[in-house]
Amino acid sequence: MAKIVCVLYDDPVDGYPTSYARGGLPKIDHYPGGQTLPTPQAIDFQPGILLGSVSGELGLRQYLESLGHTLVVTSDKDGPDSVFERELQDAEIVISQPFWPAYLTAERMAKAPRLKLAITAGIGSDHVDLQAAIDRGMTVAEVTYCNSISVSEHVVMMILGLVRNYIPSYQWVVKGGWNIADCVARSYDVEGMHVGTVAAGRIGLAVLRRLKPFDVHLHYHDRHRLPEAVEKELGVMWHATVEDMVKVCDVVTINCPLHPETENLFNEKMLSQMKHGAYLVNTARGKICDRDAVARALESGQLAGYAGDVWFPQPAPKEHPWRTMPHHGMTPHIAGTSLSAQARYAAGTREILECWFEGRPIREEYLIVDGGKLAGTGAHSYSAGNATGGSEEAARFKNK
């Protein structure tokens, strides 16, 4: 029988919900392009409930324990004395979310001789040392596409929020003011702006499609160029390099995976090549941007605004400069864990587990590493190597 360690974020501060704002979720059965939603043999949860926190357990306990497996669920993930590190030593499977990542470093893998499978309940497996997983012959899988549309909606919201100066305007209302001039002194229309995405995969392409009706000029960079018909449909211009694209854009949104080739991509040099007063939105991974360079660019006015949903490490320390830099629209990593998305990635996690325990192939699009190499989506989207460096910093802040 297997031991599964599942790392999830904490329950709400006022306790696990007993009721919800809405009674259910809209019905969808496939993603854009035709890929079907997760198809487990069964689920033991009601779609629309909070599954991603500790008490939600991704709806897995009944299924796993009915097969005789052991499930350990915790939010305590950082440092050598954490529950995760202690329980990992005899675990066969680790489940983690990008929003509250259990950093699976080579050092941790070395302490877990039985570990064979790492599942990302969501998308983005950079919290796993992929090179170490390749070297060990482990399987790494994620629930591809489960929250791509969720994130693309968040991106569009952030772009509009920055450009229209929404958050400061809302704050004037909360403070009892009616300060119209203060609100609109930094407010512009998105119409007519040049907007570019770094990567046009599932999320980036969805962002482009959602922005087209705003009558903006669309741009993208991706190592895999879109079909000519899609470029014509959207009126989107491809750029061979990120540097070429950012020079012409008023808004840049980052939608690429984190791997050694994209780590620190938006450093001081890249930011200096952007239009003065441009906006930058990052819902991909925090390490794609140089933390301090972003803060300096906002302070100098090189960037007019920065909105992001991703930090490094996660959770971010209270003194992280992105909490206090000017003209930001940061959120804790929530874009891909709406209640709608949770239902899909919980079901997808169960589908992967069913395949694993029954000896059936895991969907090709869910695979990141398999058989000692990048596989499936991993071969398309990642490069071999390790992007977990520095994750031990999270342990310094866990009790602050």
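The text that follows walks through the structure, step by step, so that each part is easy to find. Note that the structure is a prediction, hence the values are computed from the model and not measured.

Observations concerning a nonpolar patch on the surface
A grouping of Y166, I167, Y170 and V174 is seen on the molecular surface, where their side chains present a nonpolar patch of about 420 Å² in accessible area. Mapped onto the secondary structure, V174 falls in helix α6 (residues 166-174). Relative accessible area serves as the criterion here: at 56%, V174 is assigned to the exposed category.

Let's talk about the layout of surface pockets
A volume near 930 Å³ is recorded for the largest pocket. Lining the largest pocket are 45 residues, and of these A199, N255, C256, P257 and S381 sit closest to its centre. Among the secondary structure elements, those contributing two or more residues to the lining of the largest pocket are α5 (148-163), α8 (202-211), α10 (242-246) and α14 (376-381). Here the element with the most residues in the lining of the largest pocket is α14; it accounts for three residues. When the residues that make up the lining of the largest pocket are grouped by side-chain class, the tally is 20 nonpolar, 16 polar and nine charged.

Overview of empty space enclosed by the protein
If a probe as big as a water molecule is rolled over the atoms, it shows which places are left empty. Across all of its chains, the model carries two cavities of 30 Å³ or more by this definition. Estimates place the volume of the largest cavity at around 140 Å³. Taken together, the residues of the lining of the largest cavity break down into eight nonpolar, six polar and three charged. By volume, the second largest cavity amounts to about 40 Å³. Lining the second largest cavity, in full, are D126, V128, L130, L258, H259, P260, S383, G385, N386 and A387. Residues that form the lining of the second largest cavity fall into these classes: five nonpolar, four polar and one charged.

Structural notes on the environment of H259
The residue H259 is located in the loop between β9 (251-254) and α11 (268-273) in this model. In this structure H259 comes out as buried when scored by relative accessible area, which is 4%. For H259 and F214, which are 45 residues apart along the polypeptide, the C-alpha to C-alpha distance reads 32 Å. Setting aside anything within four residues of it in sequence, one finds H259 in contact with R223, S381, Y382, S383 and A387.

Points about the pairing of strand β10 (residues 278-282)
Along β10, five of the five residues are buried, which leaves the element largely enclosed by surrounding structure. Going residue by residue along β10, you find A278, L280 and N282 tucked away on one face and Y279 and V281 tucked away on the opposite face as well. By the bridge criterion, four bridges tie β9 to β10 in an arrangement that is parallel. What sits directly across from V251, in β10, is Y279. Read as a crossover between parallel neighbours, the route from β9 over α11 to β10 is right-handed. The parallel pair β10 and strand β11 (residues 303-308), bridged by helix α12 (residues 291-300), forms a crossover whose chirality is right-handed.

Some details on α5
Here α5 spans 23 Å end to end across 16 residues, near enough to the 22 Å set by a 1.5 Å rise per residue. Immediately beyond the C-terminal end of α5, within one or two residues, lies N165, with a positive phi of roughly 60°.

What to know about the packing of aromatic side chains
The tally for this structure, following the rule as stated, stands at six aromatic pairs. Considering the side-chain rings of Y166 and Y170, the 6.3 Å spacing of their centres and the 25° angle between planes classify their relative orientation as stacked. Note that Y166 and Y170 are positioned in helix α6 at a spacing of four residues, about one turn of the helix. Aromatic side chains Y306 and W322 sit 5.1 Å apart centroid to centroid with 45° between the ring planes, which places their arrangement in the tilted category. Remark: W322 occurs in the loop between β11 and α13 (339-358) and Y306 occurs in strand β11; sequence separation between them is 16 residues.

Thoughts on the pairing of strand β3 (residues 93-96)
Of the two faces of β3, the one holding I93 and I95 and the one holding V94 and S96 are both buried throughout. As paired elements, strand β1 (residues 3-7) and β3 share four bridges and run parallel to each other. By the bridge assignment for β3, V5 is matched with V94. Pairing between β3 and strand β4 (residues 117-120): four bridges, direction parallel. If you follow I95 over to β4, its bridge partner there is I119.

Here's the deal with the pattern of salt bridges
Under the counting rule described, the total for this entry stands at 22 salt bridges. Two residues, K3 and D90, come together in a salt bridge whose shortest N-O distance is 2.7 Å. Of this pair, K3 sits in strand β1 while D90 sits in the loop between α2 (83-88) and β3; the two residues are 87 residues apart in sequence, bridging distant segments of the chain. On the basis of relative accessibility, which here comes to 34%, the residue D90 falls in the partly exposed class. In this structure, the salt-bridge partner of E233 is R209, at a minimum N-O distance of 2.6 Å.

How each quantity is defined
- Residues numbered from 1 in each chain as written.
- Predicted model: local features only at pLDDT ≥ 70, side-chain atom pairs only at ≥ 80, totals over all residues.
- Heavy atoms only, no water.
- Patch = residues over 30% accessible without salt bridge, like charges linked within 9 Å, V, L, I, M, F, W, Y side chains within 5 Å.
- Areas by Shrake-Rupley, 256 points an atom, 1.4 Å probe, with all protein chains shown as cover.
- Salt bridge = Lys/Arg side-chain N within 4 Å of Asp/Glu carboxyl O.
- Helix = DSSP H or I, 4+ residues; strand = E, 2+ residues; numbered from the N terminus.
- Buried < 20%, exposed > 50% of the residue type's maximum accessible area, 1.4 Å probe, protein only.
- 1 Å grid on protein atoms, 1.4 Å probe; cavity = no way out; pocket = protein on both sides within 12 Å on 5 of 7 lines; lining within 4 Å.
- Points joined across faces, edges and corners; volume = space filled by probe spheres on them.
- Nonpolar A, V, L, I, M, F, W, Y, C, P; charged D, E, K, R; others polar.
- Contact = heavy atoms within 4.5 Å.
- Pairing = 2+ DSSP bridges.
- Right-handed = clockwise from strand over helix to strand, strands pointing away.
- Expected span 1.5 Å × (residues − 1).
- Phe/Tyr/Trp six-rings, centres within 6.5 Å; stacked < 30°, edge-to-face > 60°.

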